[in-house]
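# Report on the structure
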Amino acid sequence: MLKKYYLGFILGLCVSFLSYPSQPVQAVELDEDIRTVPLDAKGNTTVLTNEQVKRGKRLFNSTCAVCHTGGITKTNPNVGLDPESLSLATPSRDNIESLVSFIKSPKTYDGLESIAEIHPSIQSADIFPKMRTLTDEDLFAISGHILLQPKVVSEKWGGGKIYY
């Protein structure tokens, strides 16, 4: 009886192995239009490389997603990372330069007070260890990821509980 199960297990492994593609599976590359995001408040844009897209996603998920899963803000659901919320902040945070500036030294939504002691940032890296090793390139990639997501997952990004 045990032999039957063992034989079935081996046969299942063989079928699984044979059905596994011999070539590595590649993710669909995002086209240049999708990878184009606002660079600065002057209206300049930049095209993220595929490496920056991957790096931004990985860094966002490991550093920011604890509080910003799906583009929401768990500590304040009224303010998300969706394009509208970012553009209505003071100063506006709807481009890479302004997001990098925010990550380095975060301020309240109205821009009047520093929130570095309660929001992970480069300024408060002594309190938030994950921020210690982030470079300007990392911050650029994370910001690019935030601005790219509305193009990839549309209204789900920052949409809240109804999506996540």
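Here's what I pulled together on the structure shown here. Just so it is clear, the structure is predicted and the values come from calculations on it, not from any experiment.

## With respect to the layout of surface pockets
- Size it by volume and the largest pocket reaches roughly 750 Å³.
- Of all the secondary-structure elements, those providing two or more residues to the lining of the largest pocket are helix 3 (50-63), helix 4 (65-68), helix 5 (83-88), helix 6 (96-104) and helix 7 (136-153).
- Residues belonging to the lining of the largest pocket are distributed by class as follows: 19 nonpolar, 10 polar and three charged.

## Re the packing of helix 3 against helix 7
- Where helix 3 contacts helix 7, the axes come no closer than 7 Å and their chain directions differ by 90°. With respect to helix 7, the element helix 3 is oriented roughly perpendicular. Counted together, Gln52, Val53, Arg55, Gly56, Lys57, Leu59 and Phe60 of helix 3 and Glu137, Asp138, Phe140, Ala141, Ile142, His145, Ile146 and Leu148 of helix 7 form the full contact between these two elements.
- Of the residues that constitute the contact of helix 3 with helix 7, the class distribution is eight nonpolar, three polar and four charged.

## A word on the packing of aromatic side chains
- Overall, the coordinates contain one aromatic pair when judged by the stated rule.
- Residues Phe60 and Trp157 carry aromatic rings whose centres are separated by 5.7 Å and whose planes lie at 55° to one another, so their mutual orientation is tilted. Residue Phe60 is found in helix 3, and its partner Trp157 is found in the segment after helix 7; the two are separated by 97 residues along the sequence.

## Examining the packing of helix 6 against helix 7
- Here helix 6 crosses helix 7 at 120°, and the two axes come no closer than 9 Å. As summarised for this structure, helix 6 and helix 7 are arranged oblique, according to the angle between their axes. In terms of crossing hand, the pair formed by helix 6 and helix 7 is right-handed. On helix 7, the residues that touch Ile96, Leu99, Val100, Ile103 and Lys104 of helix 6 are Asp136, Leu139, Phe140, Ile142, Ser143, Gly144, Ile146 and Leu147.

## Some points on unusual backbone geometry
- That bond from Thr90 to Pro91 is cis: its omega, -10°, falls within 30 degrees of zero.
- Within the fold, Pro91 resides in the loop between helix 5 and helix 6.
- Of note, the phi angle at Ser154 is positive, near 45°, even though the residue is not glycine.

## Comments concerning helix 3
- With 14 residues, helix 3 extends 20 Å from end C-alpha to end C-alpha; this agrees with the ideal 20 Å at 1.5 Å per step.
- At its buried positions, helix 3 is contacted by helix 2 (32-35), helix 4 and helix 7.

## A short note on the nonpolar core
- Grouped together as the largest cluster of nonpolar side chains are 23 residues, with contacts concentrated most on Phe60, Ile142 and Ile146.
- Elements represented by at least two residues in this core include exactly helix 3, helix 6 and helix 7.
- When residues in this core are grouped by element, the largest group, five residues, is from helix 7.

## Brief notes about the environment of Leu112
- Within the fold, Leu112 resides in the loop between helix 6 and helix 7.
- Between the alpha carbons of Leu112 and Pro91 there is a distance of 9.6 Å; along the sequence they are 21 residues apart.

## Description of the pattern of salt bridges
- Summed over the entire model, instances satisfying the criterion amount to three salt bridges.
- The salt bridge involving Asp138 is made with Arg55; its shortest N-O contact spans 2.5 Å. Residue Asp138 is located in helix 7, and its partner Arg55 is located in helix 3; the two are separated by 83 residues in the primary sequence.
- Accessibility expressed as a relative area gives 7% for Asp138, which makes it buried.
- On the basis of relative accessibility, which here comes to 26%, the residue Arg55 falls in the partly exposed class.
- The partner of Lys104 in a salt bridge is Asp136, with the nearest N and O atoms 3.1 Å apart. A residue pair is termed long-range when its members are at least 10 positions apart, and Lys104 in helix 6 and Asp136 in helix 7 qualify at 32 residues.
- Taken together, the shared-partner salt bridges connect Arg55, Glu137 and Asp138 into one network.

The rules behind each value
- Residues numbered from 1 in each chain as written.
- Predicted model: local features only at pLDDT ≥ 70, side-chain atom pairs only at ≥ 80, totals over all residues.
- Heavy atoms only, no water.
- 1 Å grid on protein atoms, 1.4 Å probe; cavity = no way out; pocket = protein on both sides within 12 Å on 5 of 7 lines; lining within 4 Å.
- Points joined across faces, edges and corners; volume = space filled by probe spheres on them.
- Helix = DSSP H or I, 4+ residues; strand = E, 2+ residues; numbered from the N terminus.
- Nonpolar A, V, L, I, M, F, W, Y, C, P; charged D, E, K, R; others polar.
- Axes fitted to C-alpha atoms, helices over the stretch in contact; angles between N-to-C directions.
- Parallel < 35°, antiparallel > 145°, perpendicular 65-115°, else oblique.
- Contact = heavy atoms within 4.5 Å.
- Phe/Tyr/Trp six-rings, centres within 6.5 Å; stacked < 30°, edge-to-face > 60°.
- Left-handed = near helix turned anticlockwise from the far one by under 90°.
- Expected span 1.5 Å × (residues − 1).
- Core = buried A, V, L, I, M, F, W, Y, C linked by side-chain atoms within 4.5 Å.
- Buried < 20%, exposed > 50% of the residue type's maximum accessible area, 1.4 Å probe, protein only.
- Salt bridge = Lys/Arg side-chain N within 4 Å of Asp/Glu carboxyl O.

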